[in-house]
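Each chain is listed here by its residues.
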Amino acid sequence: MRSLVTGLQDLEDKLRAGGGAKKIEKQHKDGKLTARERIAKLLDPGAMFLEIGLLIAYDKYDGQAPAAGVVTGVGLVEARPTVIVANDATVKAGAWWPETISKILRTQEIAMRNRLPIVYLVDSAGVNLPYQDGIFPGQYGAARIFYYNSLMRRKLHVPQIAAVMGMCIAGGAYLPALSDVIIIVEGTSFMGLGGPNLVKGAVGQVVNAESLGGAALHTHTSGVAHYMAKDDAACLGIVRQKIRETPQPAPVPKGSPPAKPAEGLYDLLPADHRQPYDIEDAIARIVDADDYLEFQPGHAPEMLCASARLNGRVIGVIANRRGLLKTAAGSRIGGIVYTESARKVAYFVENAERHGISLLYLQDVSGFMVGAEAESGGIIRAGAEMVETMACATVPKVVLTLNHASGAGYYAMAGQGFDPNFTFAWPTARIGVMEGDSAVQAVHGPELEKYKAAGTAIPAALEAQIAQTRADYERWLDARYAAARGHVDALIDPLATRRVLAFAFEAAAAYGHRRHLPMEML
């Protein structure tokens with residue numbers, strides 16, 4: 001774990017450097033702060049910034065798109081959890097890659113789902129034209145951003161504040177135009193559907209950028225922008241003032257420390273991901289020491305359900321136990337969901353929904369039980385009950401993947417497709433349909449049986465195919481691979497688990513909103 005965390009931190013440090021020192025220096029020479037400097041000045045002093053999607057696309061485009069050119073996340077502004085989207089102009093002038101769209105959409109969904117104000121710090125040259133086919137068209141292309149803008153403004157009444165702090169060009173200009181408040185910075189900002197070169201080519205007009213779309217034009221003549229700021233610092237001051245005008249969030253409770261120190265989390269998981277460990281030891285290092293009570297501890301113990309407090313907030317915990325477990329009905333394999341455990345979880349989730357208790361899912365699941373006995377016992381129906389109650393629960397749901405997240409068990413444990421409020425993972429997480437050994441059996445099993453029955457050696461070509469299958473699955477199961485594709489919001493250091501989860505629940509419960517995201521769009 002220590003090695004994985006160190007490697008993750010090194011990668012994150014590199015990504016946070018954006019386009020590098022020279023591009024940062026140029027940003028400063030142009031009189032502008034960088035995206036991360038803007039966010040730091042916008043946040044309350046000492047407040048954490050829960051960054052979403054830092055690893056997105058890190059392993060694509062020859063490393064030329066760190067964080068996909070946009071910094072996104074949630075932080076406290078004027079004591080209010082606030083979603084922030086900041087274009088990083090040090091990365092290809094803040095141009096949009098296909099993954100930039102995905103990141104912006106994810107943060108907009110967080111704002112809508114949790115009714116949090118959202119701030120756009122705009123500084124972008126627009127679409128990265130060589131990749132326009134993955135940006136411009138499609139249901140989840142750039143148009144979806146403006147669709148969400150419109151829903152938030154007209155239907156959901158989610159506060160949207162746009163600060164144009166650099167280039168804001170072409171279709172990207174609709175993002176601030178569809179916000180409630182537009183602030184533009186004098187001397188360094190441009191906002192227009194076309195720049196001077198495009199205007200000259202399209203309509204033959206020769207005009208400079210300031211006259212075409214500068215701060216003075218949009219605050220004095222066009223009326224597009226509402227406020228003009230003299231520099232970035234003044235602009236961020238106006239943003240903070242507008243956030244102060246939004247409703248106060250629910251009070252944040254105060255709790256007691258965990259029963260055990262967080263440092264033990266580094267030594268919790270065995271080096272071999274298949275070996276068992278004590279999930280209760282992990283929980284004891286995350287939740288408050290007070291008011292922990294396991295639900296039905298003697299029944300279907302492979303699924304742990306418990307009421308607990310996290311920083312004083314009452315939550316329900318649902319976790320997978322690993323190892324070989326002894327029960328009155330015989331031995332159970334931890335990490336597997338059985339008929340009884342599925343129904344146990346379904347009942348627990350129903351109670352949490354009824355009483356308005358937020359849910360924390362600690363994933364280390366290998367899937368549902370299979371075989372003749374499981375099928376005759378109704379595992380499909382029981383699994384459907386577990387999925388349905390989780391899917392229909394409107395209380396905040398936060399997911400942390402510790403180790404395995406495989407098969408339909410991943411879905412039943414509030415997988416990403418079911419719109420949990422936030423999804424996190426430790427660097428040890430392995431998210432996929434199955435493990436490599438299982439995939440080898442599924443893909444190559446019939447051929448292997450044929451050679452075994454004939455008593456002949458496995459051909460070198462088949463051995464190579466098997467090795468490639470294992471290698472592919474190891475790559476696909478790597479936590480960084482999942483984070484690079486947005487399958488989790490963030491990878492976190494286990495030592496930060498309690499703080500991250502507590503802030504995620506704070507953001508999810510700030511305004512007491514409990515409606516499903518798809519229902520918002522009807």
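Within every chain, residues take consecutive numbers counted from 1 along the sequence as written. Reporting in this predicted model follows two pLDDT cut-offs: at least 70 for local features of residues, and 80 or more for side-chain atom pairs to be given and counted; totals over whole chains, interfaces and linings ignore these cut-offs and use all residues. Note that the side-chain values use all heavy atoms of the structure and ignore hydrogens as well as water.

**Thoughts on the overall build of the protein chain**
Segments assigned H or I by DSSP are reported as helices when at least four residues long, segments assigned E as strands when at least two residues long, and all are numbered from the N terminus. When helices and strands are tallied, the protein chain shows 20 helices and 20 strands. For the radius of gyration, the atoms used are the C-alpha atoms, and the globule rule reads 2.2 Å times the number of residues raised to 0.38. At 25 Å, the protein chain has a C-alpha radius of gyration in line with the 24 Å of a compact globule built from 522 residues. Within the protein chain, the fraction of its 522 residues that count as buried is 54%. For every accessible area listed, the method is Shrake-Rupley and the probe measures 1.4 Å; residues are considered covered only by the protein chains on display. Of the accessible surface of the protein chain, which amounts to about 22400 Å², a share of 56% is contributed by carbon and sulfur atoms. The rule is simple: take the accessible area with a 1.4 Å probe, protein chains only, and divide by the maximum for that residue type; under 20% is buried, over 50% is exposed, in between is partly exposed.

**Notes on the packing of aromatic side chains**
Paired rings are identified among Phe, Tyr and Trp, the last through its six-membered ring, by centres lying within 6.5 Å, and are further divided according to the angle between planes into stacked (under 30 degrees), edge-to-face (over 60) and tilted (the rest). This model, assessed by the stated rule, comprises 11 aromatic pairs. The interplanar angle of 65° and the centroid separation of 5.2 Å between the aromatic rings of Tyr-473 and Trp-476 together place this pair among those described as edge-to-face. Of the two residues, Tyr-473 and Trp-476 are both situated in helix α17 (residues 460–477); the distance of three residues between them amounts to about one turn of the helix. On the basis of relative accessibility, which here comes to 18%, the residue Tyr-473 falls in the buried class. One aromatic cluster in this structure is built from Tyr-61, Trp-97 and Tyr-131. Our definition puts a charge over a ring when NZ of Lys or CZ of Arg is within 6 Å of the ring centre and also within 35 degrees of the ring normal. The ring of Tyr-338 has Arg-332 sitting right over it, with the charged end atom 4.5 Å from the ring centre. The lysine or arginine in question, Lys-450, covers the ring of Tyr-451, its NZ or CZ lying 5.1 Å from the ring centre.

**Quick look at the environment of Val-207**
Structurally, Val-207 can be placed in the loop between α7 (196–203) and α8 (209–213). It only takes one pair of heavy atoms within 4.5 Å for two residues to be counted as in contact. Sequence-distant contacts of Val-207, that is, excluding residues within four places in its chain, are made with Pro-196, Val-199 and Leu-212.

**Observations regarding the packing of helix α16 (residues 436–454) against α17**
Lines fitted to C-alpha atoms define the axes, with helix axes restricted to the stretch in contact, and inter-axis angles between N-to-C directions lie between 0 and 180 degrees. Between α16 and α17, whose axes approach to 9 Å, the crossing angle comes to 165°. Here α16 is positioned roughly antiparallel relative to α17, judged by the angle of their axes. Here the hand of the crossing between α16 and α17 comes out right-handed. Contacts between α16 and α17 pair Gly-436, Asp-437, Ala-439, Val-440, His-444, Glu-447, Leu-448 and Tyr-451 from the former with Leu-462, Gln-465, Ile-466, Thr-469, Arg-470, Tyr-473 and Leu-477 from the latter. Three residue categories are used. Nonpolar comprises Ala, Val, Leu, Ile, Met, Phe, Trp, Tyr, Cys and Pro, charged comprises Asp, Glu, Lys and Arg, and polar comprises the others, including Gly. Classifying every residue of the contact of α16 with α17 gives eight nonpolar, four polar and three charged. Orientation categories follow fixed angle ranges, with anything under 35 degrees roughly parallel, anything over 145 roughly antiparallel, 65 to 115 roughly perpendicular, and all other angles oblique. Note: crossing handedness is left-handed where the near helix turns anticlockwise from the far helix by less than a right angle, and right-handed where it turns clockwise.

**Topic: the environment of Gly-194**
Along the polypeptide, Gly-194 turns up in the loop between β7 (190–192) and α7. By relative accessible area, which is 11% here, Gly-194 ends up buried. Taking the C-alpha atoms as reference points, Gly-194 and Gly-415, 221 residues apart in sequence, are found 42 Å from one another. Non-local contacts of Gly-194, meaning those with residues more than four positions away in its chain, are made with Ile-169, Val-199 and Leu-212.

**Some points on the nonpolar core**
In these notes, a set of buried Ala, Val, Leu, Ile, Met, Phe, Trp, Tyr and Cys residues joined through side-chain atoms within 4.5 Å is what counts as a nonpolar core. Ranked by internal contacts, the top residues of the largest apolar core, which has 77 residues, are Met-152, Phe-422, Phe-424 and Trp-426. Top element by residues in this core is helix α19 (residues 497–509). It accounts for eight residues. With sequence-adjacent residues up to four places away left out, Phe-422 is seen in contact with Ile-52, Val-74, Arg-106, Ile-110, Asn-114, Lys-397, Val-398, Val-399, Asp-489, Ala-504, Ala-507 and Ala-508.

**Overview of the side chain of Arg-285**
Take Arg-285: it is sitting in the loop between α11 (279–284) and β9 (293–295). Any pair of nitrogen or oxygen atoms within 3.5 Å is treated as a polar contact; in protein, a donor-acceptor pairing is required on top of that, and neighbouring residues in sequence qualify only through side-chain atoms on both sides. A distance of 2.7 Å separates a polar atom in the side chain of Arg-285 from the backbone oxygen of Pro-261. When near neighbours in sequence (up to four residues on either side) are disregarded, Arg-285 contacts Pro-258, Lys-260, Pro-261, Ala-262, Gly-264 and Leu-265.

**Some details on the pairing of strand β5 (residues 160–169)**
In terms of residue burial, β5 counts as a mostly covered element, since nine of its 10 residues are buried. Only strands that DSSP links by at least two bridges are regarded as paired with each other. Bridge count for strand β4 (residues 118–124) against β5 is six bridges, and the pairing is parallel. If you follow Ile-118 over to β5, its bridge partner there is Gln-160. With helix α5 (residues 143–156) bridging β4 and its parallel neighbour β5, the resulting β-α-β unit is right-handed. As judged from the four bridges shared by β5 and strand β6 (residues 181–185), these two strands associate in the parallel manner. When the bridges of β6 are listed, Ala-163 appears paired with Ile-183. For the handedness criterion, the strands are oriented away from the viewer, and a crossover whose path from the first strand over the helix to the second runs clockwise is classed as right-handed.

**Examining the packing of helix α4 (residues 98–114) against α5**
Two elements in contact, α4 and α5, have axes whose closest approach is 9 Å; the angle formed by their N-to-C orientations is 15°. Between α4 and α5, the interaxial angle falls into the category roughly parallel. Helix-helix and strand crossings are classified by hand; for α4 and α5 the assignment is left-handed. From α4, Ile-101, Ile-104, Leu-105, Gln-108, Glu-109, Ala-111 and Met-112 reach across to α5, where they touch Arg-144, Ile-145, Tyr-148, Asn-149, Met-152 and Leu-156. Here the contact of α4 with α5 is built from residues that sort into nine nonpolar, two polar and two charged.

**Concerning the environment of Val-77**
Looking at where Val-77 falls in the secondary structure, it is placed in strand β2 (residues 70–77). According to the relative accessible area criterion, Val-77 is buried, its value standing at 0%. Residues Val-77 and Val-287, 210 residues apart in the sequence, show an inter-C-alpha distance of 26 Å. Leaving out residues up to four positions away in the same chain, Val-77 has contacts with Leu-42, Leu-43, Asp-44, Thr-82, Arg-240 and Ile-243.

Any functional reading would require information beyond the geometric quantities listed.
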